Amino acid sequence: MRFQTFLFDLDGTLVDQFEAIHRAHARTMREFGLPPPTREQVRRAVGLGLEHAVAQLFGPAHAALVPQALPVYRAHWAATMLDDVKLMPGAAALLGELKRRLCRIAVVTNKHGPSARQVCAHLHLDIAPADVFGAEDTPWLKPDRRFLDHVMTALGAGPAATLLVGDSPYDVLAAHHAALPCWCVATGTHTADELRAAAADAVYAGLPELGAALGL
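Residues numbered from 1 in each chain as written. Predicted model: local features only at pLDDT ≥ 70, side-chain atom pairs only at ≥ 80, totals over all residues. Heavy atoms only, no water.

Which parts of the structure should I look at to understand the overall build of the chain?
In terms of regular secondary structure, the chain is built from 10 helices and 8 strands. By the compact-globule yardstick of 17 Å for 216 residues, the chain fits well, its C-alpha radius of gyration being 17 Å. Overall, the C-alpha framework of the chain stretches about 55 × 35 × 30 Å when taken along its three principal axes. Here the chain, with 216 residues, has 52% of them falling under the buried criterion. Within the chain, counting contacts between residues at least 6 apart in sequence, those at least 24 apart form 65% of the total. As displayed, the chain has an accessible area near 9,500 Å², and 57% of this comes from carbon and sulfur atoms. The average position of the 19 basic charges and that of the 22 acidic charges among the side chains of the chain differ by 2 Å. (Helix = DSSP H or I, 4+ residues; strand = E, 2+ residues; numbered from the N terminus. Rg over C-alpha atoms; globule rule 2.2 N^0.38 Å. Buried < 20%, exposed > 50% of the residue type's maximum accessible area, 1.4 Å probe, protein only. Contact = heavy atoms within 4.5 Å. Areas by Shrake-Rupley, 256 points an atom, 1.4 Å probe, with all protein chains shown as cover. Lys, Arg positive; Asp, Glu negative; His and termini not counted. Charge placed at Lys NZ, Arg CZ, Asp CG, Glu CD.)

Listed below in structure tokens is the structure:
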């Protein structure tokens, strides 16, 4: 294959943890006397890290509450995050085939790094903890180029043989800032049309279709 290193986003790409994310946001907002957000509101808020999502959902009128809300969210999240997390269809087969072909696989996510590693372990993903990069593991988040520069250096990977697989325009921006192609799946926060508009290099309905395009 052209690619030997694969960088996967986590939420919406490899795993479906949206119920837990929505539940934690809803419980947090209720504790502050605010109406819980809809699933669509949460879906549109996530992707740039927890602080950004909480600020988006609380809105400018309640911005002063965000520093107090973050530890409340984190407590709810820690208690319930694994209750209903599951792999996206085709994820296990795709990762297994890439491993069989001796490809290097890493996770690059704006999710809290320790949470991301816990999710990967819980779902028995064959990805080394050191190859899971998330929030607080570096000073940066996607789409800041320095995040992927750090990841590429840690992996000893070059851009010519590396592909980023994600589900959002933030993944596309992150990849292109680092001179990487980005193939997207429409299983997360954005539609296929939105991903094409964001200049994704390729868009697929899900991971089985992406795997087929790789010849797997």
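Mind showing me how you'd approach helix α3 (residues 50-58) here?
Along an α-helix, residues three or four positions apart point the same way, because every turn accommodates 3.6 residues. Those residues of α3 that sit buried are L50, A53, V54, L57 and F58. Looking straight down α3, one finds that the buried residues subtend no more than 125 degrees of arc, so they occupy a single side. Packing partners of the buried residues in α3 comprise α1 (18-31), α2 (39-45) and α4 (66-80). Downstream of α3 by one or two residues, G59 has phi in the positive range, about 80 degrees. (Arc of directions from axis to C-beta.)

How do you make sense of the packing of α1 against α4 when you look at a structure like this?
The relative placement of two packed helices is expressed as an angle between their axes plus a distance between the axes. Interaxial distance between α1 and α4 falls to 9 Å at its minimum, and their mutual angle equals 140 degrees. Taken together, the axes of α1 and α4 are oblique relative to one another. For the pair α1 and α4, the sense of crossing is right-handed. Judged by residue contacts, A20, I21, R23, A24, H25, R27, T28 and E31 of α1 engage A69, V72, Y73, H76, W77 and T80 from α4. Tallied by class, residues from the contact of α1 with α4 come to 7 nonpolar, 4 polar and 3 charged. (Axes fitted to C-alpha atoms, helices over the stretch in contact; angles between N-to-C directions. Parallel < 35°, antiparallel > 145°, perpendicular 65-115°, else oblique. Left-handed = near helix turned anticlockwise from the far one by under 90°. Nonpolar A, V, L, I, M, F, W, Y, C, P; charged D, E, K, R; others polar.)

Got a minute to help me understand the side chain of T28 in this structure?
With respect to the helices and strands, T28 occurs in helix α1. Look at T28 and you get buried, because its relative accessible area is 2%. Within the structure, the side chain of T28 is placed 2.7 Å from the backbone oxygen of A24, a separation counted as a polar contact. Beyond its immediate sequence surroundings of up to four residues, T28 is in contact with F58, A69, V72, Y73 and H76. (Polar contact = N/O pair within 3.5 Å; in protein donor to acceptor, adjacent residues only side chain to side chain.)

What exactly am I supposed to notice about the nonpolar core here?
It is characteristic of soluble globular proteins that their nonpolar side chains tend to be buried jointly. By size, the foremost hydrophobic cluster in this structure holds 51 residues, and its most contacted members are F6, F8, L14, W183, L207, L210 and L214. When residues no more than four places from it in sequence are discounted, the contact partners of W183 are F3, L163, L164, V165, G166, D201, A202, Y204, L210, A213 and L214. Residues F133, L148, A157 and V203 belong to the second largest nonpolar core, which totals 21 residues. (Core = buried A, V, L, I, M, F, W, Y, C linked by side-chain atoms within 4.5 Å.)

Before we go on, may I ask you to explain the pattern of salt bridges in this structure?
Taken as a whole, this structure holds 15 salt bridges when the rule is applied. The salt bridge involving E40 is made with R44; its shortest N-O contact spans 3.0 Å. Pair noted here: E40 and R44 are both in helix α2, with a separation of 4 residues, about one helical turn. With its nearest N and O atoms 2.7 Å apart, the salt bridge here joins D171 to K142. Taken together, the residues D171 in helix α8 (residues 169-177) and K142 in the loop between β5 (132-135) and α7 (145-155) connect sequence positions 29 residues apart. (Salt bridge = Lys/Arg side-chain N within 4 Å of Asp/Glu carboxyl O.)

What is the right way to look at the pairing of strand β7 (residues 182-185) in this model?
Walk down a regular strand and you will see the side chains alternate between the two sheet faces. Neither face of β7 is exposed, since C182 and C184 on one face and W183 and V185 on the opposite face are all buried. Two strands pair when backbone bridges link them, and strand β6 (residues 162-166) and β7 are joined in this way by 3 bridges, in the parallel orientation. Bridge pairing in β7 links G166 to C184. You can see the chain leave β6, run along α8 and come back into β7, and the turn it takes is right-handed. Pairing analysis gives 3 bridges linking β7 to strand β8 (residues 202-204), with the strands arranged parallel. Residue pairing in the sheet places C184 in a bridge with V203 of β8. On the question of chirality, the crossover connecting β7 to the parallel β8 by way of helix α9 (residues 192-197) is right-handed. (Pairing = 2+ DSSP bridges. Right-handed = clockwise from strand over helix to strand, strands pointing away.)

So what exactly am I meant to see when it comes to the environment of D126 here?
Assignment of secondary structure puts D126 in the loop between α6 (113-122) and β5. A relative accessible area of 58% means that D126 is categorised as exposed.

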